[in-house]
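Here's the letter readout for the chains.
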Amino acid sequence: MGKRKVILITDGDQVARRAVEKVAAEVGCRVISRSSGNPSPLNGEQLVKLIQHAKHDPVLVMFDDNGNGDFGYGEQALEHVVNHPGIDVLGAIAVASNTPMVDGVQVDFSIDQNCRKVEEAVDKDGLPAHDGEKVVYGDTVDVLSNCDVPMIIGVGDIGKMQGKDHFLKGAPITKAAILEIMKRSGYEHAANHDEH
């Protein structure tokens, strides 16, 4: 079957899960719903098995450290998935949170709460950094700095961002970030969705 194509998402609470499931249905991804939870309920090995059984690519996988600033369950699972020889990581969505004492991760760009592509990092509400800083701070993002991930996009708290990413609105910010990674990875149909 070849390597499975995976997009990493560093958020996994119930709100994020509903948003990610909504987007996956619209853009033609599979989502490992069982990867959601605070903290991540499955380890890296279990996640790899589920990814390999997913019906088609790309596969969206959620990781969550539940506010733990240390190297928590979510980050350990993420590292295992990234380094697995049967997995090809297309990109990662780095989710900002108010976690103190974390290093953060440098992003290629972010999608702000108004669905705009911005050069700098964003905070939990999806507001761009005032000082032009490109580092997103979150409880499950530090590990990305040590992983070989071709594209890292910063977003605020998935499914929230002051209501602007609510799944009933189609989670447009999360959707924009996932589509950017799909486009970069050659999923041509991803470029043809309706802009709003």
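Up top is the structure.
Basis of the calculations
Residues numbered from 1 in each chain as written. Predicted model: local features only at pLDDT ≥ 70, side-chain atom pairs only at ≥ 80, totals over all residues. Heavy atoms only, no water. Helix = DSSP H or I, 4+ residues; strand = E, 2+ residues; numbered from the N terminus. Buried < 20%, exposed > 50% of the residue type's maximum accessible area, 1.4 Å probe, protein only. Contact = heavy atoms within 4.5 Å. Areas by Shrake-Rupley, 256 points an atom, 1.4 Å probe, with all protein chains shown as cover. Pairing = 2+ DSSP bridges. Arc of directions from axis to C-beta. Phe/Tyr/Trp six-rings, centres within 6.5 Å; stacked < 30°, edge-to-face > 60°. Lys NZ or Arg CZ within 6 Å of the ring centre and 35° of its normal. Expected span 1.5 Å × (residues − 1). Polar contact = N/O pair within 3.5 Å; in protein donor to acceptor, adjacent residues only side chain to side chain.

Chemist: How should I be thinking about the overall build of the protein in this particular structure?
Modeler: When helices and strands are counted, the protein shows four helices and nine strands. Its C-alpha atoms put the protein at 45 × 40 × 25 Å along the principal axes. Buried positions account for 53% of the 196 residues belonging to the protein. For the protein, the share of sequence-separated contacts (at least 6 apart) that also reach a separation of at least 24 residues comes to 76%. By element, 47% of the accessible surface of the protein is carried by carbon and sulfur atoms, the whole surface being about 8900 Å².

Chemist: How should I be thinking about the pairing of strand β9 (residues 152-155) in this particular structure?
Modeler: A regular strand carries its side chains on alternate faces of the sheet. Of the two faces of β9, the one holding I152 and G154 and the one holding I153 and V155 are both buried throughout. Examined bridge by bridge, strand β4 (residues 87-95) and β9 share four bridges and lie parallel to one another. From the neighbouring strand, A94 faces β9, where its bridge partner is G154. Looking at chain direction, strand β6 (residues 109-111) and β9 are connected through two bridges and run parallel. Looking across to β9, one finds that S110 is bridged to G154.

Chemist: How do you make sense of helix α3 (residues 73-82) when you look at a structure like this?
Modeler: Side chains of residues three or four places apart in an α-helix project in the same direction, reflecting 3.6 residues per turn. Burial in α3 covers these residues: G74, E75, A77, L78, V81 and V82. The arc that holds every buried residue of α3, seen down its axis, measures 160 degrees, which confines them to one face. The elements touched by buried residues of α3 are β1 (4-9), α2 (44-53) and β4.

Chemist: It is not clear to me how the packing of aromatic side chains should be interpreted in this structure. Could you clarify?
Modeler: To describe a pair of aromatic rings, you give the distance between the ring centres and the angle between the ring planes. For the structure shown, the criterion picks out zero aromatic pairs. Directly above the aromatic system of F109 lies the positively charged group of K117, at a separation of 4.5 Å from the ring centroid.

Chemist: Whenever I open this one, helix α4 (residues 172-184) confuses me. Can you help?
Modeler: Here α4 is 13 residues long and its end C-alpha atoms lie 18 Å apart, about the 18 Å a rise of 1.5 Å per residue gives. Residues of α4 that are buried: P172, I173, T174, K175, A176, A177, I178, L179, E180, I181 and M182.

Chemist: How should the environment of S110 be read in this particular structure?
Modeler: Along the polypeptide, S110 turns up in strand β6. For S110, a relative accessible area of 0% puts it in the buried group. In this structure, the C-alpha to C-alpha distance between S110 and V149, residues 39 residues apart in sequence, is 15 Å. With residues near it in sequence (within four places) discarded, S110 still touches R116, K117, V118, E120, A121, V122, I153 and G154. Among the polar contacts listed, one links the side chain of S110 to the backbone oxygen of E120, at a separation of 2.8 Å.

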